[in-house]
Amino acid sequence: MALEYKELYRIAREARENAYAPYSRFRVGAALLTRTGRVFTGVNVENASYGAAICAERTACVKAVSEGERDFTAIATVSDRGAAPMCGICRQFLSEFSTEMKVITGDDEEHLEVKTLAELLPENFTL
Ligand SMILES: O=c1ccn([C@H]2C[C@H](O)[C@@H](CO)O2)c(=O)[nH]1
Ligand SMILES: [Zn+2]
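Cut-offs applied
Residues numbered from 1 in each chain as written. Chains lettered and ligands numbered in written order. Predicted model: local features only at pLDDT ≥ 70, side-chain atom pairs only at ≥ 80, totals over all residues. UniProt positions renumbered as here; feature names shortened; annotations may be inferred. Near = placed C-beta within 6 Å. Nonpolar A, V, L, I, M, F, W, Y, C, P; charged D, E, K, R; others polar. Helix = DSSP H or I, 4+ residues; strand = E, 2+ residues; numbered from the N terminus. Buried ≥ 20, exposed ≤ 12 C-beta atoms within 10 Å, placed from the backbone. Contact = placed C-beta atoms within 7 Å. Pairing = 2+ DSSP bridges. Axes fitted to C-alpha atoms, helices over the stretch in contact; angles between N-to-C directions.

In the annotation of an unreviewed UniProt entry, the entry for the protein chain reads Cytidine deaminase, and the organism field reads Hornefia butyriciproducens. Recorded in UniProt under Cofactor (unreviewed entry), the annotation for the protein chain is "Zn(2+)". On record in UniProt, under Function (unreviewed entry), the comment for the protein chain is "This enzyme scavenges exogenous and endogenous cytidine and 2'-deoxycytidine for UMP synthesis."

Structure, rendered in structure tokens:
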């Protein structure tokens, strides 16, 4: 399993190349794994209207849901400054689909931090 996380992390790092972050210069890549074994990548996409930016994690999530996938088992993220702790909006956004999914980040693939989403966001909001 650790190997699988490393591979997911590498995919996130490669995806980071496509980040559009001219304002923050903080590029982020994400790779979201589904139970069926598909991987959806995402990057942050910023905008001249700063608040319109979307994070890499939510980009990956909306791509997956748009393609009919909602059962997520893990997500890896990495910024170009190393580990990318997921923001609160993305924690809540992803928790809609799974709180048991693993969230993987780190400065490099030999130093990955793995937590469940429930650890990162206890008591997520639900209706
Ligand atoms: O986990 C994170 C944290 C930040 N960002 C993006 C949002 C914005 O474009 C830039 C700076 O906050 O990084 C992500 O994509 N994921
Ligand atoms: Zn976010």
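Structure's up, so let's keep going.
## Considering the site of ligand 1
Every one of the 14 residues lining ligand 1 counts as a neighbour, but S24, V28, N44, C55 and A56 are closest to it. Residue composition of the shell around ligand 1, grouped by class: 9 nonpolar, 3 polar and 2 charged.

## Some words on the UniProt feature "binding site: Zn(2+)" (unreviewed entry) in the protein chain
As recorded in UniProt, the sites labelled "binding site: Zn(2+)" (unreviewed entry) are C55, C87 and C90. A stretch of 36 residues holds the annotated residues, and the largest C-alpha distance among them is 8.5 Å, short enough that they meet in one place. Within the element layout of this structure, C87 appears in the loop between β3 (72–79) and α3 (88–95). Given 13 C-beta atoms within a 10 Å radius, C87 is considered partly exposed. Within the secondary structure layout, C90 lies in helix α3. Among all residues touching C90, those that are not within four sequence positions of it are C55, E57 and R58.

## Some details on the pairing of strand β5 (residues 112–116)
Relative to β5, strand β4 (residues 102–106) is paired through 5 bridges, and the arrangement is antiparallel. Along β5, the bridge assignment pairs T105 with E113. Remark: 5 residues form the turn of the hairpin made by β4 and β5, two consecutive strands paired antiparallel.

## Observations regarding the sheet that holds β4
Here we have 5 strands laid out as an open sheet, ordered β2-β1-β3-β4-β5, and mixed in their pairing. In this open sheet, the two edge strands, each paired with only one partner strand, are β2 (39–43) and β5. Neighbour to neighbour, the strand axes of the sheet diverge by 20° on average, direction disregarded. Note: strand β1 (residues 28–34) against β3, 7 bridges, orientation antiparallel. Counted as the bridge partner of T34 is F72 from β3. The strands that helix α2 (residues 56–66) touches are β1, β2 and β3; relative to β2, the one it contacts most, it runs at about 140°.

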